[in-house]
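Report on the structure
Below, each chain spelled out in residue letters.
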Amino acid sequence: MIKKFLLAALVAFPMCIAAQTLKFGTVNSQEIFNLMPEKATAETTLQSVAEKYQTELTNLQTEFEKKYKEFQELDPSTPQSIKDRRMQELTENQQKIQNFQQMASQDMQKQQETLLAPITDKIQQAIKAVGVEGGYTFIYDLSIPCVVYTGAGAEDVSAQVKAKLGIK
């Protein structure tokens, strides 16, 4: 009798665990990210840095164009060695411009990552907090196109995450 009871309990135990309801939630982190006040500050900073790089690039291009115009206006009787030296200067200036553009692009990308990472981390922490507080099994991010279906059992927790972050 005890063996039958234990056997029945062992068989019923996994069924009881499986019968627990799973709670699913969805959130649109991109929408929340766009509403964050820190995003505007980061964008202003990035725009300011981009304008400084653009000004410097314009100066380098103006210098190149000036030297190129001087090179074109050289007297045909100018010795070849002088022409070669001027052509070498033009090549060096063009290389400077290319290096500057590459360096500026890399720096802008680093700055963007540095400024935006704390915002995304803050959102992730808020999502986790809502998940723990709400007892959710899973919270899917709708801004990442991996969820192909959201059924009636899924609850949108974006409002709770916004509230956790103090966004209206």
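Given the structure is predicted, the values throughout are model-derived calculations rather than measurements.

About the criteria used
- Counting restarts for each chain, with residues numbered from 1 along the sequence as it is written.
- Thresholds applied to this predicted model are a pLDDT of at least 70 for local features of residues and 80 or more for the giving and counting of side-chain atom pairs; totals over whole chains, interfaces and linings are not thresholded and use all residues.
- The side-chain quantities take in all heavy atoms of the structure and omit both hydrogens and water.
- Comment: elements are numbered from the N terminus, with helices defined as DSSP H or I runs of at least four residues and strands as E runs of at least two.
- Each residue is assigned to one of three classes by its accessible area relative to the maximum for its type, calculated with a 1.4 Å probe on protein chains only: buried under 20%, partly exposed between the two thresholds, exposed over 50%.
- The contact criterion used throughout is that any non-hydrogen atoms of two residues lie within 4.5 Å.
- Reported accessibility uses the Shrake-Rupley method at a 1.4 Å probe radius. Residues are deemed covered only where the shown protein chains occlude them.
- The axes are straight lines fitted to the C-alpha atoms, using for helices just the contacting stretch, and the angles between their N-to-C directions are given from 0 to 180°.
- Note on terminology: angles under 35 degrees are roughly parallel, angles over 145 are roughly antiparallel, angles of 65 to 115 are roughly perpendicular, and the others are oblique.
- In this classification, Asp, Glu, Lys and Arg are treated as charged, Ala, Val, Leu, Ile, Met, Phe, Trp, Tyr, Cys and Pro as nonpolar, and every other residue, Gly included, as polar.
- In this scheme the handedness of a crossing depends on how the near helix is turned from the far one: anticlockwise by less than a right angle means left-handed, clockwise means right-handed.
- One less than the residue count of a helix, multiplied by 1.5 Å, gives the span that helix is expected to have.

1. Concerning the overall build of the protein
Broken down by element type, the protein carries five helices and three strands. Each helix and strand of the protein, ordered N terminal to C terminal, gives the series α-β-α-α-α-β-β-α. Taking all 168 residues of the protein together, 22% fall into the buried category. Considering only contacts in the protein between residues 6 or more positions apart, those separated by 24 or more positions represent 84%. For the protein, the accessible area works out to roughly 12,300 Å², and carbon and sulfur atoms hold 58% of it.

2. Comments concerning the packing of helix H3 (residues 37-72) against helix H4 (residues 80-134)
As a packed pair, H3 and H4 sit with axes 10 Å apart at the nearest point and diverge in direction by 175°. By the angle between their axes, H3 is roughly antiparallel relative to H4. Of the residues belonging to the contact of H3 with H4, the class tally is 20 nonpolar, seven polar and ten charged.

3. Description of the packing of H4 against helix H5 (residues 158-165)
The angle between the axes and the distance between the axes are what describe a pair of packed helices. At a minimum axis distance of 9 Å, the contact between H4 and H5 shows a crossing angle of 120°. As judged from the angle between their axes, H4 and H5 are oblique. In terms of crossing hand, the pair formed by H4 and H5 is right-handed. Counting all contacts with H4, which are made through Lys122, Ile123, Ala126, Ile127, Ala129, Val130 and Glu133, the residues of H5 involved are Gln160, Val161, Lys164 and Leu165. Split by residue class, the contact of H4 with H5 holds seven nonpolar, one polar and three charged.

4. Let's talk about H3
When the terminal C-alpha atoms of H3 are compared, their 53 Å separation across 36 residues agrees well with the 52 Å that a helix rising 1.5 Å per residue should span. Listed in full, the buried residues belonging to H3 are Lys39, Ala42, Leu46, Val49, Tyr53, Leu57, Leu60 and Phe64. Elements that come into contact with the buried residues of H3 comprise helix H2 (29-35) and H4.

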